[in-house]
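Analysis of the macromolecular model
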Amino acid sequence: MLEQIASPWREKMQEQGFDSLMEVQSLVLPRMAEGTSLMVEAPTGSGKTLAYLLPLLHRLKGDRKIRFLILAPTKELGSQIVREIRKFTDSVLFLPDEVGRERQLERLKKIRPEILVGMAGRFMELIRLGKLKLTDLEYIVLDEGDKVLKGPGKAKVEGILKAAYDTTPLAFFSATYRPEDHELISSYRKDLEFVSAKGPSGIVEHYYLMSDPKRKLENMFKVLRSFNCRKALIFLSRGEGAEGLARRIGPQSREVFVLHTDMDLQKRKSVLEHFRESPLAILLTTDVFSRGLDIPDADGVIHYDLPRTGNIYIHRSGRTGRGFASGTVVTLVSEEEKGQFYEIRRQAKAEIRQIGFRKDGELLVFQEKDKGGIPPAGER
């Protein structure tokens, strides 16, 4: 039940259809209420955003001082976080990179929110200009914490941490952490506590289909029809690959959307809004958007291009089966990619069964014949 939640927030949750807390929320709420620094690992769709949002809401004071920073690795994830926060409070402002700084400063001065959501680059820029002061800061949350700390973002995050008091609690959230992530994140706070939570009870089935590269498009639509996927994300390795595939698909009854980093923020926002509203659609996208995209009714993910690692496989696949919903994940694998695919499957620790199609289009789900999982050629 929701007894742990203060009355105004509990009522808002009930209005949205919540009648109980998910596991990650139950674990995080009392710890963040006490100001504990955390490293939280929980599967995609398990309620991580609300897990850190609820304790922040409990700490709002209404004095228009900046008390909470939430760092996100992409504009899309940042925008989704803000959308969730605004279901509860208007005391929030989104400060993404590559957007007019002066306008952001005007809004910051006018709104004076307690919660700032954005990216490390813009936060660090405003801190250096003296426009963002962290003297009243009570928490720094890093959503997809392992990704925020990769590449040039690491130096910017560390700059933000240095600008804040070294006693300011930190909360890192992600679906997966590697051993090196544990070592790095633990170095920022000696008292940091690791929290691991299971996902909700939605069922996600994982499959792979051996596919000639020339027949990938045909097989993609066979998969969508066979599993009755009405709203699916198709992951490719490159943005130009998504554009090219969209041209090959051409007009049809199912809407086709493309999302990649060469689009400006407004265009990407528009694409996601239209995809969310469409009852029958596919979204062609890349690994940049394998984290944080929340499409509650997405019922399928197809790895059109093989992910590079098991970690990426997990994040891509997590775009379906959100909350308590069910979903289907299918990976298209060529003969040349078998070895790489087996390694990805091992890293992801996922049970991925093989499927095939008869000449009449009937779907087949193979039983495992051996450890490799591929039956003799005559049985395919």
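This text goes with the structure placed above it.
Owing to the predicted nature of the structure, the values given are computational and were not obtained by experimental measurement.

1. Here's the deal with the sheet that holds strand 11 (residues 281-286)
Judged by pairing direction, the sheet is mixed, and its eight strands sit side by side in the order 10-11-9-12-13-8-14-15 without closing on themselves. Looking at the sheet topology across the chains shown, the edges are occupied by strand 10 (255-258) and strand 15 (363-365). Going across the sheet, the axis of each strand differs from the next one's by a mean of 25°, ignoring polarity. Relative to the sheet, helix 13 (residues 310-317) contacts strand 8 (204-210), strand 9 (231-236), strand 12 (300-303) and strand 13 (327-333), its axis offset from that of strand 12 by approximately 150°.

2. Re the sheet that holds strand 5 (residues 139-143)
In space, the seven strands of this open sheet follow the order 3-4-2-5-6-1-7, with parallel pairing throughout. Two strands lie at the open edges of the sheet, namely strand 3 (92-95) and strand 7 (193-196), each paired on one side alone. Strand after strand, the sheet turns through a mean of 15° between neighbouring axes, direction not considered. Direction of pairing for strand 2 (residues 68-71) relative to strand 4 (residues 115-118): parallel, over a ladder of four bridges.

3. Digging into helix 10 (residues 216-226)
Judged by how many residues are buried, helix 10 sits mostly within the fold: eight of 11 residues are covered. Directly beyond the C-terminal end of helix 10, a positive phi value near 55° is found at Asn228.

4. With respect to helix 4 (residues 75-85)
Every α-helical turn comprises 3.6 residues, leaving residues that sit three or four positions apart pointing alike. Judged by how many residues are buried, helix 4 sits mostly within the fold: eight of 11 residues are covered. Those residues of helix 4 not exposed but buried are Lys75, Glu76, Leu77, Gly78, Gln80, Ile81, Val82 and Ile85. The elements touched by buried residues of helix 4 are helix 3 (48-58), strand 2, strand 3, strand 4, strand 5 and helix 12 (265-277).

5. Topic: the packing of aromatic side chains
Two numbers describe a pair of aromatic rings. These are the distance of the centres and the angle of the planes. Counted by the stated rule, this structure contains six aromatic pairs. Here the aromatic rings of Phe172 and Tyr188 are separated by 6.3 Å at their centres, their planes lie at 10°, and the arrangement is stacked. Linking Phe172 in strand 6 (residues 170-174) with Tyr188 in the loop between helix 9 (179-186) and strand 7, this pair joins segments that are 16 residues apart in sequence. Neither residue differs from the other here; Phe172 and Tyr188 are each classed as buried. Among the aromatic residues, those joined into a ring-pair cluster are Tyr208, Phe341 and Tyr342. Of note, Lys231 hangs over the ring of Phe275, and the distance from its end group to the ring centre comes to 5.6 Å.

6. Concerning the pattern of salt bridges
One pass over the structure, following the stated rule, counts 25 salt bridges. Glu138 is the salt-bridge partner of Arg59, the closest N and O atoms lying 3.2 Å from each other. You can see Arg59 sitting in the loop between helix 3 and strand 2 and its partner Glu138 sitting in the loop between helix 6 (120-128) and strand 5, a full 79 residues away along the chain. Residue class for Glu138 comes out buried when judged on its relative accessible area of 14%. Among the ionic contacts, a cluster of salt bridges with common partners joins Arg59, Lys61, Asp63, Arg67, Glu114 and Glu138.

7. Some words on the nonpolar core
With 50 residues, the main nonpolar core has Met220, Ile234 and Leu284 as its most contacted residues. Sequence-distant contacts of Leu284, that is, excluding residues within four places in its chain, are made with Ile234, Leu236, Ala242, Leu245, Ala246, Ile249, Val256, Phe257, Val258 and Leu259.

8. Some thoughts on unusual backbone geometry
In this model, Arg64 sits at a positive phi of 60°, which is unusual for a non-glycine residue. Locating Arg64 in the fold gives a position in the loop between helix 3 and strand 2. A positive phi angle, near 55°, is found at Lys349, a position not held by glycine. Along the chain, Lys349 turns up in the loop between helix 14 (338-348) and strand 14 (353-357).

So, how was this worked out
Residues numbered from 1 in each chain as written. Predicted model: local features only at pLDDT ≥ 70, side-chain atom pairs only at ≥ 80, totals over all residues. Heavy atoms only, no water. Pairing = 2+ DSSP bridges. Helix = DSSP H or I, 4+ residues; strand = E, 2+ residues; numbered from the N terminus. Axes fitted to C-alpha atoms, helices over the stretch in contact; angles between N-to-C directions. Contact = heavy atoms within 4.5 Å. Buried < 20%, exposed > 50% of the residue type's maximum accessible area, 1.4 Å probe, protein only. Phe/Tyr/Trp six-rings, centres within 6.5 Å; stacked < 30°, edge-to-face > 60°. Lys NZ or Arg CZ within 6 Å of the ring centre and 35° of its normal. Salt bridge = Lys/Arg side-chain N within 4 Å of Asp/Glu carboxyl O. Core = buried A, V, L, I, M, F, W, Y, C linked by side-chain atoms within 4.5 Å.

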